[in-house]
Amino acid sequence: VEQTMRDAGVDEFLMLPLQARSLKDVLERYCVDLPLTPQDAVDVEATPVEEPALDPKVIATFEQLTEGSDVDIYSHMIWPALDDIRNRLRTIAEGVEKKDLPAVYHEAHTIKGSSGYIGATKLQQYAAGLEKGAKEGSIEQPEMREYLSKLEDDLARVVSALEKEGKAPPKG
């Protein structure tokens, strides 16, 4: 194997299964400023990357579509959708307490669609999970409550981020 690799022009290679020491030696030869201790390394799991409130590609598309008009995408599209989601979450909460899976399914399905439409991808993912469990009848009340909590938390995150960006909801 080693000769085949060298004939193919490979300078370094490691055999599987990888040995930590061998990998470190190779990386030290080729990498600059490699963290040499676990304390120096960045813990990717502990350093969360904040997901944007709304998918920038979706917002850019809305802005392109409304360019040259007096339509404000936030007051005409985004905030009404978020208000609708908030109302539907109340209905889901009632459905969870009553163990009304068809109602939970219907509302989660609608939230999945409207949150995807406005680019609220986390909301969309949580709604999809709740929708799937309710449709299959495989979800128990505690898990439904957990999804509901995640949906409410992410809705609050989206609203807060938009307000910080100066995209306050319309008055009235």
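Reading the values: the criteria
- Residues numbered from 1 in each chain as written.
- Predicted model: local features only at pLDDT ≥ 70, side-chain atom pairs only at ≥ 80, totals over all residues.
- Heavy atoms only, no water.
- Helix = DSSP H or I, 4+ residues; strand = E, 2+ residues; numbered from the N terminus.
- Expected span 1.5 Å × (residues − 1).
- Buried < 20%, exposed > 50% of the residue type's maximum accessible area, 1.4 Å probe, protein only.
- Contact = heavy atoms within 4.5 Å.
- pLDDT = per-residue confidence, 0-100.
- Axes fitted to C-alpha atoms, helices over the stretch in contact; angles between N-to-C directions.
- Parallel < 35°, antiparallel > 145°, perpendicular 65-115°, else oblique.
- Left-handed = near helix turned anticlockwise from the far one by under 90°.
- Salt bridge = Lys/Arg side-chain N within 4 Å of Asp/Glu carboxyl O.
- Core = buried A, V, L, I, M, F, W, Y, C linked by side-chain atoms within 4.5 Å.

Taking 1.5 Å per residue as the helical rise, helix α6 (residues 121–136) with its 16 residues ought to reach 22 Å, and the 22 Å between its terminal C-alpha atoms agrees with that figure. Buried within α6 are the following residues: Leu 123, Tyr 126, Ala 127, Gly 129, Leu 130, Glu 131, Gly 133 and Ala 134. In this structure, the buried residues of α6 make contact with α4 (73–98), α5 (101–118) and α7 (141–164). Following α6 by one or two positions, Gly 137 adopts a phi angle in the positive range, close to 70°.

Turning next to the environment of Ser 138. Topologically, Ser 138 is positioned in the loop between α6 and α7. Look at Ser 138 and you get partly exposed, because its relative accessible area is 45%. Distance in space between the C-alpha atoms of Ser 138 and Leu 101 is 9.8 Å, their sequence separation being 37 residues. The contact partners of Ser 138, leaving out residues within four places of it in the chain, are Gly 133 and Glu 143.

To continue, consider the environment of Lys 135. Following the sequence through the fold, Lys 135 ends up in helix α6. Lys 135 sits 27 residues away from Ala 108 along the chain, and the two C-alpha atoms are 9.9 Å apart.

Time to look at the confidence of the model for the protein chain. Low-pLDDT stretches of the model should not have their predicted coordinates read in fine detail. Here the protein chain averages 85 in pLDDT, and 84% of its residues register 70 or above. Across the protein chain, α5 holds the top mean pLDDT of 96, while helix α1 (residues 2–7) sits lowest at 71.

Packing of α5 against α6 leaves a shortest axis separation of 8 Å and a crossing angle of 155°. Comparing their axes, α6 and α5 come out roughly antiparallel. Two packed elements cross with a definite hand, and for α5 against α6 that hand is left-handed. Here Leu 101, Val 104, Tyr 105, Ala 108, His 109, Ile 111, Lys 112, Ser 115 and Gly 116 of α5 lie close against α6, whose contacting residues are Leu 123, Gln 124, Ala 127, Ala 128, Leu 130, Glu 131, Ala 134 and Lys 135.

A separate point is the pattern of salt bridges. With the rule as written, the count across this model stands at 8 salt bridges. Across the pair Asp 83 and Arg 86 runs a salt bridge whose closest N-O atoms are separated by 2.9 Å. Here Arg 86 and Asp 83 lie together in helix α4, a separation of 3 residues that amounts to about one turn. Between Arg 145 and Glu 97 there is a salt bridge, with the nearest N and O atoms lying 3.1 Å from each other.

To continue, consider the nonpolar core. In this structure, Leu 54, Ile 78, Leu 82, Ile 92 and Leu 130 are the most contacted members of the largest nonpolar core, which totals 35 residues. Counting residues per element, the ones that place at least two in this core are α3 (56–66), α4, α5, α6 and α7. Among the elements that take part in this core, α4 stands out by supplying 11 residues, more than any other. For Leu 54, the contacting residues outside a window of four places in its chain are Ile 59, Ile 78, Ile 118, Gly 119, Ala 120, Val 158 and Leu 162.

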